[in-house]
Amino acid sequence: MGDVLAHESELLALVKEYLDFAEFEDTLKTFSKECKIKGKPLSKTAGGSLRDSKSLVIQKDLIAAFDSGDQKVFFDLWEEHVPNSIRDGDPLAQKLEFYLHIHFAIYLLKHSVGRPDKEDLDERISYFKTYLETKGAALSQTTEFLPFYALPFVPNPMVHPSFKELFQDSWTPELKLKLEKFLALIFKASNTPKLLTLYKENGQSNKEMSQQLHQQLIEAERRSMTYLKRYNKIQADYHNLIGVTAELVDSLEATVSGKMASTMLRASLAPGKLKDVPLLPSLDYEKLKKDLIWGSDRLKAFLLQALRWRLTTSHPGEQRETVLEAYIGNDLLDCHSHGQRSVLQLLHSKSEVVRQYMARLINAFASLAEGRLYLAQTTRVLRMLEERLKEEDEDVVTRENILGALQKFSLRRPLQTAMIRDGLIFWLIDILKDPDCLSDYTLEYSVALLMNLCLRSAGKNMCAKVAGLVLKVLSDLLGHENHEIQPYVNGALYSILSIPSIREEARAMGMEYVLRCFIKEGNAEMVRQIEFIIKQLNSEELQDGVLESDDDEEEDDEEDHDTMEADLDKDELIQPQLGELSGEKLLTTEYLGIMTNTGKMRRKGLAGVQRSADEPLCRPVTPGGHRTGYPV
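Residues numbered from 1 in each chain as written. Predicted model: local features only at pLDDT ≥ 70, side-chain atom pairs only at ≥ 80, totals over all residues. Heavy atoms only, no water.

### A closer look at the overall build of the chain
Consideration 1: When you go through the chain residue by residue, the secondary structure sums to 29 helices and 2 strands.
Consideration 2: Per-residue burial for the chain yields a buried fraction of 45% across its 632 residues.
Consideration 3: In the chain, the proportion of contacts linking residues at least 24 apart, taken out of those at least 6 apart, comes to 78%.
Consideration 4: Here the chain displays about 33600 Å² of accessible surface, and carbon together with sulfur accounts for 54% of that area. (Helix = DSSP H or I, 4+ residues; strand = E, 2+ residues; numbered from the N terminus. Buried < 20%, exposed > 50% of the residue type's maximum accessible area, 1.4 Å probe, protein only. Contact = heavy atoms within 4.5 Å. Areas by Shrake-Rupley, 256 points an atom, 1.4 Å probe, with all protein chains shown as cover.)

### Some remarks on helix α18 (residues 380-391)
Consideration 1: For α18, with 12 residues, the first-to-last C-alpha span of 17 Å sits near the 16 Å given by 1.5 Å per residue.
Consideration 2: Among the residues of α18, those classed as buried are Val381, Leu382, Met384, Leu385, Glu386, Arg388 and Leu389.
Consideration 3: Buried residues along α18 sit against α16 (352-366), α17 (369-375), α19 (397-409), α20 (413-421) and α21 (424-431). (Expected span 1.5 Å × (residues − 1).)

### A short note on empty space enclosed by the protein
Consideration 1: According to the stated counting rule, one finds 2 cavities of 30 Å³ or more in the structure shown.
Consideration 2: Volume-wise, the largest cavity comes out at about 60 Å³.
Consideration 3: Forming the boundary of the largest cavity are Leu146, Pro147, Ala150, Ser162, Phe163, Ser475, Met509 and Val514.
Consideration 4: Split by residue class, the lining of the largest cavity holds 6 nonpolar, 2 polar and no charged.
Consideration 5: The residue makeup of the lining of the largest cavity includes at least three contributed by each of domain 2 (48-192) and domain 5 (458-542). (1 Å grid on protein atoms, 1.4 Å probe; cavity = no way out; pocket = protein on both sides within 12 Å on 5 of 7 lines; lining within 4 Å. Points joined across faces, edges and corners; volume = space filled by probe spheres on them. Nonpolar A, V, L, I, M, F, W, Y, C, P; charged D, E, K, R; others polar. Domains from an automatic or database assignment.)

### Side note on the side chain of Lys408
Consideration 1: Looking at the element boundaries, Lys408 is found in helix α19.
Consideration 2: The exposure class assigned to Lys408 is buried, which follows from its relative accessible area of 1%.
Consideration 3: With residues near it in sequence (within four places) discarded, Lys408 still touches Asn363, Ala366, Ser367, Arg372, Tyr441, Tyr445, Glu565 and Thr622.

### A closer look at the confidence of the model for the chain
Detailed reading of the predicted model is not advised wherever pLDDT is low.
Consideration 1: The pLDDT averaged across the chain works out to 80; a share of 81% of its residues lies at or above 70.
Consideration 2: Predicted confidence is poor over residues 599-610, with pLDDT under 50, and the contacts of this stretch with residues over four places away or in other chains come to 20 contacts.
Consideration 3: Of the regions scoring below 50 in pLDDT, residues 627-632 engages in 31 contacts with residues more than four places distant in sequence or in other chains. (pLDDT = per-residue confidence, 0-100.)

### What about the packing of aromatic side chains?
Consideration 1: This structure, assessed with the given rule, holds 22 aromatic pairs.
Consideration 2: Here Phe74 and Phe75 contribute two aromatic rings whose centre-to-centre distance is 5.2 Å and whose plane-to-plane angle is 85°, an arrangement assigned as edge-to-face. Neither Phe74 nor Phe75 differs from the other in exposure class; each is buried.
Consideration 3: Measuring from centroid to centroid gives 5.9 Å for Phe98 and Tyr131, while their planes differ by 65°, and the two rings are edge-to-face. Residue Phe98 is located in helix α7 (residues 91-105), and its partner Tyr131 is located in helix α9 (residues 118-133); the two are separated by 33 residues in the primary sequence. Across the pair, exposure class does not vary: Phe98 and Tyr131 are buried alike.
Consideration 4: Site record: aromatic cluster; members linked through ring pairs are Phe98, Tyr99, Phe128, Tyr131, Phe145, Phe148, Tyr149, Phe163 and Trp171.
Consideration 5: The lysine or arginine in question, Lys287, covers the ring of Tyr591, its NZ or CZ lying 5.0 Å from the ring centre.
Consideration 6: One cation-aromatic arrangement involves Arg308 over Tyr357; the distance from NZ or CZ to the ring centre is 5.0 Å. (Phe/Tyr/Trp six-rings, centres within 6.5 Å; stacked < 30°, edge-to-face > 60°. Lys NZ or Arg CZ within 6 Å of the ring centre and 35° of its normal.)

### Structural notes on the nonpolar core
A general trend in soluble globular proteins is that nonpolar side chains are found buried together.
Consideration 1: Ranked by size, the top nonpolar core spans 106 residues in total, and within it Leu333, Phe365, Leu375, Leu406 and Phe409 carry the most contacts.
Consideration 2: Looking at which domains feed residues into this core, each of domain 4 (279-422 + 564-594) and domain 5 (458-542) supplies at least three.
Consideration 3: For Phe365, the contacting residues outside a window of four places in its chain are Leu311, Leu324, Tyr327, Ile328, Leu332, Leu333, Gly371, Arg372, Tyr374 and Leu375.
Consideration 4: Counting 45 residues, the second largest nonpolar core, distinct from the first, contains Tyr107, Phe163, Leu179 and Phe187. (Core = buried A, V, L, I, M, F, W, Y, C linked by side-chain atoms within 4.5 Å.)

### Remarks on the environment of Ser582
Consideration 1: Structurally, Ser582 can be placed in the loop between β1 (564-565) and α29 (583-590).
Consideration 2: C-alpha of Ser582 to C-alpha of Ala306: the two residues are 276 residues apart in sequence and 6.6 Å apart in space.
Consideration 3: Setting aside its immediate chain neighbours within four residues, Ser582 contacts Phe302, Gln305 and Pro576.

### Structural notes on the pattern of salt bridges
Consideration 1: Overall, the coordinates contain 21 salt bridges when judged by the stated rule.
Consideration 2: When the shortest N-O distance is used, the salt bridge between Lys300 and Asp297 registers 4.0 Å. Remark: Asp297 and Lys300 occur in helix α14 (residues 297-313); sequence separation between them is 3 residues, near one turn of the helix.
Consideration 3: Here Lys300 falls in the buried class, since its relative accessible area comes to 9%.
Consideration 4: Its salt-bridge partner being Arg310, residue Glu584 comes within 2.7 Å of it at the nearest N-O pair. Note that Glu584 is positioned in helix α29 and Arg310 in helix α14, a separation of 274 residues in sequence.
Consideration 5: Looking at Glu584, the relative accessible area reads 29%, which means it is partly exposed. (Salt bridge = Lys/Arg side-chain N within 4 Å of Asp/Glu carboxyl O.)

### Remarks on a negative patch on the surface
Consideration 1: Taken together, Asp20, Glu23, Glu25 and Asp26 make up a surface patch of like negative charges.
Consideration 2: Structurally, Asp20 can be placed in helix α2 (residues 8-21). (Patch = residues over 30% accessible without salt bridge, like charges linked within 9 Å, V, L, I, M, F, W, Y side chains within 5 Å. Lys, Arg positive; Asp, Glu negative; His and termini not counted. Charge placed at Lys NZ, Arg CZ, Asp CG, Glu CD.)

### Concerning the packing of α7 against α9
Consideration 1: Where α7 contacts α9, the two axes come as close as 8 Å, and the packing angle between them is 160°. Taken together, the axes of α7 and α9 lie roughly antiparallel to each other. Crossing of α7 over α9 shows left-handed handedness. Within the contact between the two elements, α7 uses Gln94, Glu97, Phe98, His101, Ile102, Phe104 and Ala105 and α9 uses Leu121, Arg124, Ile125, Tyr127, Phe128, Tyr131 and Leu132.
Consideration 2: For the contact of α7 with α9, a count of residues per class yields 10 nonpolar, 2 polar and 2 charged. (Axes fitted to C-alpha atoms, helices over the stretch in contact; angles between N-to-C directions. Parallel < 35°, antiparallel > 145°, perpendicular 65-115°, else oblique. Left-handed = near helix turned anticlockwise from the far one by under 90°.)

This is the structure:
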């Protein structure tokens, strides 16, 4: 009680100040009267009206300088009266300040009668350029502002498509309205009662802590996924090592007995084959396919899930190869069927779960080289996936898996050609205009697919039809926070800049300056890749010396790797109820077939084409090669 009495006068004054600020006039009168009756002293608040009048004068002066284009007066007042903590720490204040610098930089271009004074214009552009290189550099990684970093280098911004919005009649009034609202908030905040300030600071502290914990949770989940992938690979290597060690010990023991060891040692040092990995039981595929076509949606979903798990969880090597061989040998997906109803048509099921699980299974097939070969026998599967992709409006798991399958299809040249002819490049560019609305998986696989298609001369020619849009989308992606996409963005840029018309468009929009902004920020490998892109941009060659021919449809075995990602089994939609079968138990209980599994030699591709890590990617790849979730 003593502590309360010691601070009572101050607490009552805080309450009075807030009631006065919030204009609770009747409440304030009653509160003051009751304090007087009870003999509670109330300290007077002073200086409120004086502060208000001074704030109004400053706001009017700032608006007047904005209207007259007086850059020096405006920014002198801005820096004097807008607190540093707000200018440097508030994202809205930083964005507004960026646009205000643009306003003053182009003021003469918009308001001069006739030709603007060259000396004055050059001074304003120089001031803006200095801002970009100093304080404004903090926003160079923000896609919204990236095009404006080329503004000082464009000879006539008024006619350039990238800056069209700046010269519309509505742009300046809208900016002025934002400025007025911002100033009203800032100067009102300076008169904020202490009680409200104390509440806000406490609430903000809790909010920031919550955001920080949420961010830490996301990072922990990402690290967990990375460690899981590493663990799976290490575990596979460990089993190999144990096998090799056992063979070596046997060989050494044999030498003691006087037997020849050279042959045995060579055999033991050959790639170890995992021991004691049994083949999975054979299945009745005729019954399976019948239930996939005619069963209930719930049964279809459980079957599709179980068949996928067979692929994703089977042990790499003979076990997984025999599973895939059985699927392909029995034409599990009806790729060669011409009947009215087929398993493939589950892609168009009315059930969202069935559609998604069918897309996941196709993506799992496409993750393996033999699976891609099976799916690519005709363009039927490709066309169905493209159709489904464009019908899925939202970025859901179904679309992710269809996109993942298409990206893996793009490792094969005939399918690249078909996708380019079908205009898939235009669809990709359209969704990549707003990358922040995409999941990490969709973003990575979209950009990687775009790069693979851009490596072909037909793909580059498609990009040339919308060169300005393609260059803007790719330059925006350079600054995206997801650094996994950078190699694919760099590869796409390097490839399309081999076309003279695209190089010309890139120079006109100041692409070199935009690229040099990232040289300051990137790691050594990215910096060297960007330097290659700048060299390509400034090249005068009529065509790229390594341009691929669209007539040559030979397969790219060099890059046709097996890549099984952990994402294939993420966020399962269905769970079995009590007494309901699922997974391998469902398959072996209800669909057990006659044992027909036989071993099969693994298809061996050609040795990979080596490239310097410094150069942008110039061969088709898939992000799965960098995100492997299961050892293959």
